[in-house]
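Residue-level structural notes
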Amino acid sequence: MKVLGIETSCDETAAAIVEDDGEGPGRVLSNVVLSQLDDHRPYGGVVPEIAARAHLQHLDRLVREALERAGVGLSDLDGIAATAGPGLIGGVMVGVMTAKAMAAVTGLPFMAVNHLEGHALTARLTHGVKFPFLLLLVSGGHCQLLAVEGVGRYRRLGTTIDDAVGEAFDKSAKIMGLGYPGGPLMEKAASGATNPGRFDLPVPMKGRPDCDFSFSGLKTAVRRHVENLGGTLSDADRADLAASFHQAVGDSLIDRCTKALKVFKEAFPEGRTLVVAGGVAANQVLRARLTDLCRRHKFEFVAPPLGLCTDNGAMIAWAGLERLRLGLTDGLDFAPRPRWPLDPNAKAAPFAGVKA
């Protein structure tokens, strides 16, 4: 089976073709991604209107390029998938309408994919991970722990009650004068630290009996340290503060994941895999700490290749393919969704909004 995937939920315009022969991990035949970072960097974050216009301007070309790189035509495809939410609704609409038009013209099935499910199932594309598995989903907009029981079957164990971890990276980097996007810049700055324990930062939610996260207070603590330094940081200050921030985030994630591993093992004794997905999963410092956690708990740790952690079309194509195999296709009247939780039965977090 071959499926075209389209991703336009935020600030990457992407199209990809994936293939599955039913005998193991899938194959990425093409994966074309156009980043909009340069368009949004002057504003310190993503501007929805700019993102939507860029998707509209470039998507048709990227779809053609994905088909050419894969060496296939529309007649070789078995289905067309697109991110239908959650995300910036203007961009989501561009991708969904493009996919619907192609499906209508070709007669191919259309799959409306939850962007978060795209991240969740990437480890099955790259590593053939079996259900059930524990998922740590960490990105600029989301921070959740979920038991993944199957395609479309998710049980949320914990979520952020305020900021997502990627959001905390971006906002803290801005406070420190590092720029945007914050995650890679914070990681680069931290690598030059000479005194990584110099700044005392809180470890949010440590020791709590649940599996939830909170990063708003950590961001505030970073601001206070910057203010105590007079608002002007040297390169050494930034490096040490970035390293201290990494340590606090890592300590929080390890504490929360340790609790989730226990909950997961009790509910799914046959499951022995922790998957990390989302843009923050590309952070090498956090990967190393999660690898060590899994080694101590006799779990397998799986993280997608760095290029498949951030938003991309391959993960959407694969999620669409998984749904197509099960006969889970959608009508051309499917309405894009700005909010689309993986576990609709989970209790709403008080201040998380769409991040829950």
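Here we summarise the structure given alongside this text. (Residues numbered from 1 in each chain as written. Predicted model: local features only at pLDDT ≥ 70, side-chain atom pairs only at ≥ 80, totals over all residues. Heavy atoms only, no water.)

Notes on the overall build of the protein chain
Let me state the cut-off plainly: We count a stretch as a helix when DSSP gives it H or I for four or more residues in a row; a strand needs E for two or more, and each element gets its number in order from the N terminus. In this setup the radius of gyration rests on C-alpha atoms only. A globule is expected at 2.2 Å times the number of residues raised to 0.38. A simple rule labels every residue: compare its accessible area, found with a 1.4 Å probe on the protein chains alone, to the largest value its type can have, and call it buried under 20%, exposed over 50%, or partly exposed in between. Between two residues, a contact is recorded if the distance between any of their heavy atoms is within 4.5 Å. The Shrake-Rupley method, run with a 1.4 Å probe sphere, supplies the accessible areas, and residue values consider only the shown protein chains as cover. In this tally, Lys and Arg are treated as positive and Asp and Glu as negative; His is ignored, and so are the chain termini. One atom stands in for each charge, and that atom is NZ of Lys, CZ of Arg, CG of Asp or CD of Glu.
If you tally the helices and strands in the protein chain, you get ten helices and ten strands. The C-alpha radius of gyration computed for the protein chain amounts to 20 Å, which stays within 12% of the reference 21 Å derived for 356 residues, consistent with globular compactness. The dimensions of the protein chain, computed from C-alpha atoms along their principal axes, are 60 × 50 × 35 Å. The burial tally for the protein chain puts 55% of its 356 residues in the buried class. In the protein chain, 75% of the contacts between residues at least 6 apart in sequence involve partners at least 24 apart. For the protein chain, the computed accessible surface area is about 14600 Å², with 52% contributed by carbon and sulfur atoms. Charged side chains in the protein chain number 39 positive and 40 negative. The centres of these two groups are separated by 5 Å.

Observations regarding empty space enclosed by the protein
Where we set the bar: Points on a 1 Å grid over protein atoms alone make up a cavity when a 1.4 Å probe fits among them but cannot get out, and a pocket when they form an open set with protein on both sides within 12 Å along at least five of seven lines; lining residues each have an atom within 4 Å of a point. Grid points are joined across faces, edges and corners, and a volume is the space filled by probe spheres set on the points.
Tallied over the full model, the rule gives two cavities of 30 Å³ or more. Quantified by volume, the largest cavity comes out at close to 40 Å³. Along its surface, the largest cavity is lined by Leu-136, Val-138, Leu-253, Val-276, Val-280, Ala-281, Asn-283, Leu-286, Arg-287 and Leu-290. Secondary-structure elements contributing two or more residues to the lining of the largest cavity are strand E6 (133-138) and helix H9 (284-296). Looking at the lining of the largest cavity, the element that brings in the most residues is H9, giving three residues.

Some details on the sheet that holds strand E1 (residues 2-7)
Quick note on the threshold: The rule for pairing is simple: two strands pair if DSSP sees at least two bridges between them. To get an axis, a line is fitted to the C-alpha atoms, and for a helix only the part in contact is used. The angle between two axes follows their N-to-C directions and goes from 0 to 180 degrees.
Within the open sheet, the five strands sit side by side as E3-E2-E1-E4-E5. Their pairing is mixed. With partners counted over all chains shown, the strands left at the sheet margins are strand E3 (27-35) and strand E5 (110-114), one partner each. Put simply, the sheet's adjacent strands are angled 20 degrees from each other on average, direction ignored. On top of the sheet, helix H4 (residues 115-127) reaches E1, E3, strand E4 (79-85) and E5; it is set at about 95 degrees to E5, its chief contact. Lying on the sheet, helix H10 (residues 313-325) is in contact with E1, strand E2 (12-19), E3, E4 and E5; it crosses E2 at an angle near 45 degrees.

Examining the packing of aromatic side chains
Threshold: Each Phe, Tyr or Trp ring (for Trp, its six-membered ring) is paired with any other whose centre lies within 6.5 Å, and the angle between the two planes then decides the class: stacked below 30 degrees, edge-to-face above 60, tilted in between.
Applying the stated criterion to the full structure yields six aromatic pairs. A centroid spacing of 5.9 Å and a plane angle of 10 degrees characterise the contact between Phe-131 and Phe-133, whose relative ring orientation is stacked. For Phe-131, a relative accessible area of 26% puts it in the partly exposed group. Judged by relative accessible area, Phe-133 falls into the buried class, the value being 0%. For the pair Phe-264 and Phe-268, a centre-to-centre distance of 5.3 Å together with 35 degrees between the ring planes defines the contact as tilted. Each member of the aromatic cluster is reached from another via a ring pair, and the members are Phe-264, Phe-268 and Phe-299.

Points about the sheet that holds E6
Strand order in this open sheet of five strands is E8-E7-E6-E9-E10, and the pairing throughout is mixed. In the strand order of this sheet, the two ends are held by strand E8 (153-159) and strand E10 (300-302), each with one partner. Pairs of neighbouring strands in the sheet enclose a mean axial angle of 25 degrees, with direction left out of account. Where strand E9 (residues 273-277) and E10 come together, three bridges link them in parallel fashion.

As for the nonpolar core
The following threshold applies: For the purposes of this section, nonpolar cores are sets of buried Ala, Val, Leu, Ile, Met, Phe, Trp, Tyr and Cys residues that join through side-chain atoms within 4.5 Å.
By size, the foremost hydrophobic cluster in this structure holds 51 residues, and its most contacted members are Leu-136, Phe-215, Phe-245, Val-249 and Leu-290. Only E6, strand E7 (143-150), helix H5 (165-175), helix H6 (182-190), helix H7 (216-228), helix H8 (235-267), E9 and H9 provide two or more residues apiece to this core. The element that contributes the greatest number of residues to this core is H8, accounting for twelve residues. In this structure, Leu-136 is in contact with Gln-144, Leu-145, Phe-213, Cys-257, Leu-274, Val-275, Val-276, Ala-277 and Leu-290, ignoring residues within four places of it in sequence. Counting 32 residues, the second-largest nonpolar core is a separate cluster that includes Ala-16, Ala-120, Leu-125 and Val-148.

Focus: the pattern of salt bridges
Oppositely charged side chains are able to pair whenever their charged atoms sit close together. Using the following cut-off: Salt bridges, as used here, are contacts in which a Lys or Arg side-chain nitrogen is within 4 Å of a carboxyl oxygen on Asp or Glu.
What the rule picks out here adds up to 22 salt bridges. For Glu-19, the salt bridge identified is with Lys-2, shortest N-O distance 3.0 Å. On the criterion of sequence distance, the pair formed by Glu-19 in strand E2 and Lys-2 in strand E1 is long-range, its members being 17 residues apart. Measuring nitrogen to oxygen at the nearest pair gives 2.8 Å for the salt bridge that ties Arg-295 to Asp-292.

As for H7
Threshold: Expected span of a helix: the number of residues minus one, times 1.5 Å. This arc corresponds to the set of directions leading from the helix axis out to the C-beta atoms.
Compared with an ideal rise of 1.5 Å per residue, which puts 13 residues at 18 Å, H7 spans 19 Å between its outermost C-alpha atoms and is within 8% of the ideal. Those residues of H7 that sit buried are Leu-218, Lys-219, Ala-221, Val-222, His-225 and Val-226. Projected down its long axis, H7 carries its buried residues within an arc of 160 degrees, all on one side. Residues of H7 that are exposed and point more than 90 degrees away from the buried face comprise Arg-224, Glu-227 and Asn-228. On its buried face, H7 is in contact with H5 and H8. Immediately beyond the C-terminal end of H7, within one or two residues, lies Gly-230, with a positive phi of roughly 85 degrees.

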